[in-house]
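A structural walkthrough
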Amino acid sequence: GGRAGDDIGARMVAGTIVLMRGAGARPGVAMRRGSLVYVREPGDLPPSYVDCGVSEFSWLRLLGVELARLGVSSRISGRARRFMG
C-alpha cells in the first residue's frame, strides 16, 4: 500500500504489480511482457516510455473487481492511460 522502492519490476518477465502510491527510480527496467499499474498518475517515468493514450482494458476492470473483493480500495477501472517503454 505504500510507495514502492527503486527498480520495482526490474527484469520482471510477465506479471502485474499494482502501485498504490507510486515508485522510486527506474520502474520496470528491462521488464518484458509485464505491467506496472499506477493507481495515481506517475510523476516521472524514464525517457524510454511513450504515452499511448487512454484505452479500455477488460483485464484491468477485472483486476479492480478482484482488488475490491479483497478489501483493497484501488479505484481501478477498465479505462486507463497507457505508457509503453
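Residues numbered from 1 in each chain as written. Predicted model: local features only at pLDDT ≥ 70, side-chain atom pairs only at ≥ 80, totals over all residues. Heavy atoms only, no water.

If you add up the space inside the largest pocket, you get close to 860 Å³. Lining the largest pocket are 34 residues; nearest its centre among them are Leu 36, Val 37, Arg 81, Arg 82 and Phe 83. For the lining of the largest pocket, the elements supplying multiple residues, two or more each, are β2 (35–38), α1 (58–69) and β4 (79–84). With six residues, the single largest contributor to the lining of the largest pocket is β4. (1 Å grid on protein atoms, 1.4 Å probe; cavity = no way out; pocket = protein on both sides within 12 Å on 5 of 7 lines; lining within 4 Å. Points joined across faces, edges and corners; volume = space filled by probe spheres on them. Helix = DSSP H or I, 4+ residues; strand = E, 2+ residues; numbered from the N terminus.)

Residues of the protein with pLDDT of at least 70 account for 100%, and the chain-wide mean is 89. Mean pLDDT across the elements of the protein ranges from a minimum in β4, with 88, to a maximum in α1, with 92. (pLDDT = per-residue confidence, 0-100.)

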